[in-house]
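# Observations on chain architecture
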Amino acid sequence: MAPSQEAAAPETCSPCGKATLWSKPIPRHVTFHGTRHSFGTAMVRRAGMAVAQKALRHSDVRLTIHTYGHLDDGDLRDGIAKAFGPG
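Overview of the structure.

Cut-offs and rules
Residues numbered from 1 in each chain as written. Predicted model: local features only at pLDDT ≥ 70, side-chain atom pairs only at ≥ 80, totals over all residues. Heavy atoms only, no water. Helix = DSSP H or I, 4+ residues; strand = E, 2+ residues; numbered from the N terminus. Buried < 20%, exposed > 50% of the residue type's maximum accessible area, 1.4 Å probe, protein only. Contact = heavy atoms within 4.5 Å. Areas by Shrake-Rupley, 256 points an atom, 1.4 Å probe, with all protein chains shown as cover. Salt bridge = Lys/Arg side-chain N within 4 Å of Asp/Glu carboxyl O.

### Regarding the overall build of the protein
- From N to C terminus, the protein includes four helices and zero strands.
- Buried positions account for 13% of the 87 residues belonging to the protein.
- Taking contacts inside the protein between residues at least 6 apart in sequence as the whole, the part at least 24 apart equals 25%.
- Carbon and sulfur atoms provide 60% of the accessible area of the protein, an area that totals close to 7700 Å².

### Notes on the side chain of Thr 64
- Within the fold, Thr 64 resides in helix 3 (residues 61–68).
- The contact partners of Thr 64, leaving out residues within four places of it in the chain, are Val 44, Met 49, Ala 52, Gln 53, Leu 56, His 58 and Gly 69.

### Focus on the pattern of salt bridges
- Overall, the coordinates contain one salt bridge when judged by the stated rule.
- Put simply, Asp 60 and Arg 62 hold a salt bridge, and the shortest N to O gap is 2.7 Å.
- Given a relative accessible area of 61%, Arg 62 falls into the exposed group.

Structural data, given as structure tokens:
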């Protein structure tokens, strides 16, 4: 359906008369590089560096570490909790 033929969202709710809230889709440009980077980051966080290296077919683990080894505060907290937490 062409954009000019799409049904317009109603301004008000017919049963109650209040203004309606319709979300507007935000188009995102998805590329192979972006999906590979998301996969690599998820692999490093959940499976570990060596598993990610094999899955991404890197010949050297240093390439995997340099590209996907970025950590945020949550990663650091989780690592410390695993290392020094109960159990």
